[in-house]
Amino acid sequence: MSTCKGYAAASAGAPLVPFTFQRREPREHDIVIDIKYCGICHSDIHQARNEWSEYQEECIFPMVPGHEIAGVVSAVGNRVTKYSVGDRVGVGCFVDSCRSCVECKAGIEQYCSVGTIWTYNFRDKDGSPTYGGYSDGIVVDENYALRMPANLPLEACAPLLCAGITLYSPLKHWHAGPGKRVAIVGLGGLGHMGVKIAHALGAEVTVLSQSLKKQADGKRMGADHYYATSDPETFAKLVRRFDLVINTVSAAIDWTQYLDLLKVDGTMVVVGLPDKDIPIGAFSLTGGRRSLAGSQIGGVRETQEMLDFCGKHGLGSDVEVVPIQKVNEAYQRVLKSDVRYRFVIDMATLK
Ligand code: NAP
Ligand code: ZN
Ligand code: ZN
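On a predicted model such as this, the values are computed, not experimentally measured, just so you know.

Attention now moves to the site of ligand 1. The environment of ligand 1 is formed by 30 residues, the closest being H42, L187, S209, K214 and R342. Residue S43 places a side-chain N or O atom 2.8 Å away from an oxygen atom belonging to ligand 1. Within the backbone of V271, a nitrogen or oxygen atom sits 2.9 Å from a nitrogen atom of ligand 1. Taken by itself ligand 1 offers 930 Å² of open surface, and the protein chains cover 90% of this.

Laid out in structure tokens, this is it:
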């Protein structure tokens, strides 16, 4: 076992405080990663506050959140072939899966029917709790690690491991590209990567944000159009406009209003995970043969494809790097939608 330093919440909603814990000795296919940066995903906040209690089993405390992990390999197990000491690597939302079900075989381990092993707030195959990336190191099987694009700063790569893949996967699955009109709802961590990736895929991109405060940023990231959802005119103006709407909002909003913005046969993909069920109007679905869908991160293979795509197109995340001592403050700012556009913890500040 090796001792790691990190930050953890001791109980639901408690502030994150310094925490020391053990990681396993590397097994033959494991790599040891010296974590340099970790993004703060809104899911970290939902989980540290136990906001998904209606949908998942009990949270495990103390909880070390963090699943946008970027670092450098510091040691390898004796049968590792994919990585060497010194490689720049990442770990996303899961660290293992059953490896033998239909979904794992198809490379969509995030939907493993036996059970994806999540990076934190979960139990590993041996029953021990998993601890996330708000820490100085992690041990992971080489098959669940990713190679970072060489041309992007590591801190700008970290958010790709969750925010990037969570938008890339549905954009690809629902064929965002030339001739397609895509709306991204919410310009936060997920949303800003959605704008960049959809634009790079050649789609016409519209941001639907609560206000016009971030309009200039959205346009710089590649949005062709930008509307405020606080203006009721927006919904009248954009009715039946989009092929694809991707909803990244972390709170409960009226989905029916957004379904009405879809063309016939359009799809709204929900990626935001509010803590409550949301009612929808059946007529908005039937009246345009519309689809309401959902999507959850991406598999290992697709995550690597996304990282290579972001490298090729120069798509790093817009980050605000913070010392770990400011993590609780950063959470408060995310909750106020005051994030430009992802907080990333500098793990050197743990020392
Ligand atoms: P974030 O940075 O906080 O962004 C969410 C954005 O939603 C905000 O920036 C804001 O955008 C908008 N928003 C927030 N509250 C709102 C409200 N009450 N009404 C309307 N709009 C509101 O969060 P994130 O890290 O991008 O995560 C977003 C959600 O996705 C979270 O629920 C998270 O748990 C979930 N998530 C899902 C997956 C998946 O695999 N499906 C992966 C990662 C995260 P504007 O200021 O532009 O309005
Ligand atoms: Zn996340
Ligand atoms: Zn499986």
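Next comes the rest of the account.
Tallying each qualifying case throughout the model produces seven aromatic pairs. Geometrically, the ring pair formed by F94 and Y144 is edge-to-face, given 6.0 Å between the ring centres and 80 degrees between the ring planes. Of this pair, F94 sits in strand β6 (residues 94-96) while Y144 sits in the loop between β8 (137-141) and β9 (146-147); the two residues are 50 residues apart in sequence, bridging distant segments of the chain. Pairwise contacts between aromatic rings join F19, F21 and Y131 into one cluster.

Ideal geometry at a metal gives 109.5 degrees between four tetrahedral donors and either 90 or 180 degrees between six octahedral ones. Bound to the zinc ion (ligand 2) are the protein donor atoms C41 (SG), H67 (NE2) and C162 (SG), situated 2.0 to 2.2 Å from the metal. Counting residues between consecutive donors of the zinc ion (ligand 2) along the chain gives the motif C-x25-H-x94-C. Taken as a pair, H67 in the loop between α1 (42-48) and β4 (69-76) and C162 in the loop between α3 (154-157) and α4 (163-173) lie far apart in primary sequence, 95 residues in all.

Taken in spatial order, the six strands line up as β12-β11-β10-β13-β14-β15 in an open sheet, and their pairing is parallel. The sheet is open, and its two borders are formed by β12 (225-228) and β15 (291-294), each paired with just one other strand. Strand-to-strand twist in this sheet, taken as the mean axis angle between neighbours without regard to direction, amounts to 20 degrees. Where strand β11 (residues 204-209) meets β12, four bridges bridge the pair, whose relative direction is parallel.

Enumeration over the complete set of coordinates arrives at 22 salt bridges. The residue R24 makes a salt bridge to D124 at a minimum N-O spacing of 3.3 Å. In this pair, R24 is assigned in the loop between β2 (16-23) and β3 (30-39) and D124 in the loop between β7 (117-118) and β8, connecting sequence segments 100 residues apart. Put simply, K36 and D34 hold a salt bridge, and the shortest N to O gap is 3.2 Å. A relative accessible area of 27% places D34 in the partly exposed class.

On to the pairing of β2, then. In the case of a regular strand, side chains alternate between the two sheet surfaces. In the sheet, strand β1 (residues 2-9) pairs with β2 via eight bridges, with the strands oriented antiparallel. Residue pairing for β2: K5 is matched across the bridge by T20.

Summarising the metal site, the zinc ion (ligand 3) is bound by the protein donors C98 (SG), C101 (SG), C104 (SG) and C112 (SG), whose distances to it range over 2.3 to 2.4 Å. In this structure, the zinc ion (ligand 3) is surrounded by four donor atoms whose angles at the metal cover 105 to 117 degrees, and the resulting shape is tetrahedral. Relative accessible area serves as the criterion here: at 18%, C98 is assigned to the buried category. Since its relative accessible area comes to 9%, C112 is described here as buried.

According to the stated counting rule, one finds one cavity of 30 Å³ or more in the structure shown. Size it by volume and the largest cavity reaches roughly 80 Å³. What lines the largest cavity is simply G92, C93, F94, Y144, L146, L161, I165, I297, G298, V300 and T303. Across the lining of the largest cavity, the residue classes break down as eight nonpolar, three polar and no charged.

Within helix α11 (residues 327-335), burial applies to V327, A330, Y331 and V334. Along α11, the residues classed as buried sweep out an arc of 105 degrees about the axis, all on the same side. Once α11 ends, the next one or two residues include S337, with phi positive near 55 degrees.

Reading the values: rules and limits
Residues numbered from 1 in each chain as written. Chains lettered and ligands numbered in written order. Predicted model: local features only at pLDDT ≥ 70, side-chain atom pairs only at ≥ 80, totals over all residues. Heavy atoms only, no water. Near = heavy atom within 4 Å. Polar contact = N/O pair within 3.5 Å; in protein donor to acceptor, adjacent residues only side chain to side chain. Areas by Shrake-Rupley, 256 points an atom, 1.4 Å probe, with all protein chains shown as cover. Phe/Tyr/Trp six-rings, centres within 6.5 Å; stacked < 30°, edge-to-face > 60°. Helix = DSSP H or I, 4+ residues; strand = E, 2+ residues; numbered from the N terminus. Donors = N, O, S within 2.8 Å, 3.2 Å for Na, K, Ca; no water. Pairing = 2+ DSSP bridges. Axes fitted to C-alpha atoms, helices over the stretch in contact; angles between N-to-C directions. Salt bridge = Lys/Arg side-chain N within 4 Å of Asp/Glu carboxyl O. Buried < 20%, exposed > 50% of the residue type's maximum accessible area, 1.4 Å probe, protein only. Tetrahedral: all angles 85-135°; square planar, octahedral: opposite > 155°, others 65-115°. 1 Å grid on protein atoms, 1.4 Å probe; cavity = no way out; pocket = protein on both sides within 12 Å on 5 of 7 lines; lining within 4 Å. Points joined across faces, edges and corners; volume = space filled by probe spheres on them. Nonpolar A, V, L, I, M, F, W, Y, C, P; charged D, E, K, R; others polar. Arc of directions from axis to C-beta.

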